[in-house]
Amino acid sequence: MANNTNLGAAKAAKNDEFYTQYADIQKEVNAYLEYNPDTFRDKTVLLPCDDPEWSNFTRFFAQNFERLGLKRLISTSYAVESKKYKDYQPTLFETESPWFDADKTRIKGKIFELTRDTNQNGRIDIDDLEWHYLEGDGDFRSKEVCKLRDEADIIVTNPPFSLFREFVGWIMEAGKGLLIIGNQNSITYKEIFPFIMDNKLWLGATGFASDMVFGVPKGTDVDPKDKAKAARLGYVGDFTRLGNSCWFTNLDHGRRHQPLQLMSMKDNLRYSRHKDFQVEGYLPYDNYDGINVGYNDVIPNDYNGKMGVPITFLDRYCPEQFEIVGISKTWFGFATKVYPEQLQHSKDGKVTRVTKLNDGPVIKLDTVPVGETYYTIGETLYKQEYARIFIRKKQ
């Protein structure tokens, strides 16, 4: 899975000011409408953790209120003083409103609602938004925002990455529909994966291979490579590309029901383009009940046991084709054995005492691997694979 410096920095510093682009929202939402045109019809949509004056989420759902058939749109924002980034300038939309209060703007969150044609022009759109200040700072955990959550049918937003676990739990405890952005690493969190395994949460329609570009506050320190990539995608200025961001949802879309086209074990071993796989084949794990499948395109269609597959499999997961049975994380308790202390032999020749074999799937080796890190316990050789999701063919 892609490593992304900016996203890691955001999590560490709790700098969560990443603004989703209109085109990405439109592309994702359209996929649900293609599968079911009534996905949002007669629904109340809540956009918490938002900045309604600037947010493309608010803009998209307000502009498409009638097309989506919404009953009510609610958008809330954090107070300026509750954010890490406080260089805020009120918009004319806010300052020209009779509700505007310079002091309240700093310490109170805001709520924007859309339900009716307030300007009597014959349509309901962004010009009909009505707003006022919240009693508190707009935190999604506050009683007033929890009340709005309970009134909503679907919650859509790009939540603070640093609060992703808590935010998902906040939605799930209320049993609401969701469409939110997070990072791919979230898949393996103990607070998130059980929802995925139980088919209560899955990945959105936009695939892992699609880069997403986000706006950032002016002056934000952005990796030059990510800024250049954003520019090549047409976003010049205060933008960054986050390569490991993705959509999470419990709304159905057609891509989720497209089965993988797979071959038999024999044919995969014969025709696979992966040279390492052609040499190793399907090796059994030493500490898990299952075989190692290192690439999604060599998952066999004729094996009925458990298979450890890359995390990226979830981007292609079809619940009618496979069931998810576990993950190779220690918190899940799926391992069949615990290793004593071992020696780690690094590629540079350094040898250290570790207990890393207990952190993931392990394969027993017959010979010392060339150019790879390996481990020894006595005379026995081992290597560790990347994190795996365990699946089984649907019977």
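Preceding block: the structure.
Structural notes on the overall build of the protein chain
Here is step 1 of the chain: Helix and strand counts for the protein chain come out as 12 helices and 20 strands.
Here is step 2 of the chain: Evaluated residue by residue, the protein chain yields a buried proportion of 51% over its 395 residues.
Here is step 3 of the chain: Considering only residue pairs separated by 6 or more positions, the protein chain has 70% of its internal contacts joining residues 24 or more positions apart.
Here is step 4 of the chain: Total accessible area computed for the protein chain in this model is approximately 18,900 Å², and 48% of it derives from carbon and sulfur atoms.

Let's talk about the pattern of salt bridges
Here is step 1 of the chain: Taken as a whole and judged by the stated rule, the model has 23 salt bridges.
Here is step 2 of the chain: For Asp 125, the salt bridge is made with Arg 123, and the minimal N-O distance between the two is 2.9 Å.
Here is step 3 of the chain: Residues Asp 252 and Arg 256 are paired through a salt bridge, measuring 3.4 Å at the closest nitrogen-oxygen approach.
Here is step 4 of the chain: Arg 256 gets classed as buried once you look at its relative accessible area, which sits at 8%.
Here is step 5 of the chain: Within the structure, one salt-bridge network assembled from shared partners comprises Arg 72, Glu 113, Lys 147 and Glu 151.

With respect to the sheet that holds strand β17 (residues 362-365)
Here is step 1 of the chain: As summarised here, the arrangement of the five strands in space is β16-β15-β18-β19-β17, forming an open sheet in which the pairing is antiparallel. The strands lining the two open edges of the sheet, one partner per strand, are β16 (351-354) and β17. With direction set aside, neighbouring strand axes in the sheet form an average angle of 35°.
Here is step 2 of the chain: Pairing of strand β18 (residues 374-377) with strand β19 (residues 380-384), which is carried by three bridges, proceeds in the antiparallel orientation. Across the sheet, Thr 376 pairs through a bridge with Leu 381, a residue of β19.

Section: helix α3 (residues 56-63)
Here is step 1 of the chain: Of all eight residues in α3, six are buried, a share of seventy percent or more.
Here is step 2 of the chain: Along α3, the residues classified as buried are Asn 56, Phe 57, Thr 58, Phe 60, Phe 61 and Ala 62.
Here is step 3 of the chain: For α3, the side-chain oxygen to backbone nitrogen distance between the N-cap and Phe 57 is 2.9 Å, and the N-cap itself is Ser 55.

Things to note about unusual backbone geometry
Here is step 1 of the chain: A positive phi angle, near 55°, is found at Gln 120, a position not held by glycine.
Here is step 2 of the chain: Note that Gln 120 resides in the loop between β4 (110-114) and β5 (130-133).
Here is step 3 of the chain: Of note, the phi angle at Asn 199 is positive, near 60°, even though the residue is not glycine.
Here is step 4 of the chain: Tracing the chain through its elements places Asn 199 in the loop between α9 (193-197) and β8 (202-203).

Cut-offs used in this document
- Residues numbered from 1 in each chain as written.
- Predicted model: local features only at pLDDT ≥ 70, side-chain atom pairs only at ≥ 80, totals over all residues.
- Heavy atoms only, no water.
- Helix = DSSP H or I, 4+ residues; strand = E, 2+ residues; numbered from the N terminus.
- Buried < 20%, exposed > 50% of the residue type's maximum accessible area, 1.4 Å probe, protein only.
- Contact = heavy atoms within 4.5 Å.
- Areas by Shrake-Rupley, 256 points an atom, 1.4 Å probe, with all protein chains shown as cover.
- Salt bridge = Lys/Arg side-chain N within 4 Å of Asp/Glu carboxyl O.
- Pairing = 2+ DSSP bridges.
- Axes fitted to C-alpha atoms, helices over the stretch in contact; angles between N-to-C directions.
- Polar contact = N/O pair within 3.5 Å; in protein donor to acceptor, adjacent residues only side chain to side chain.

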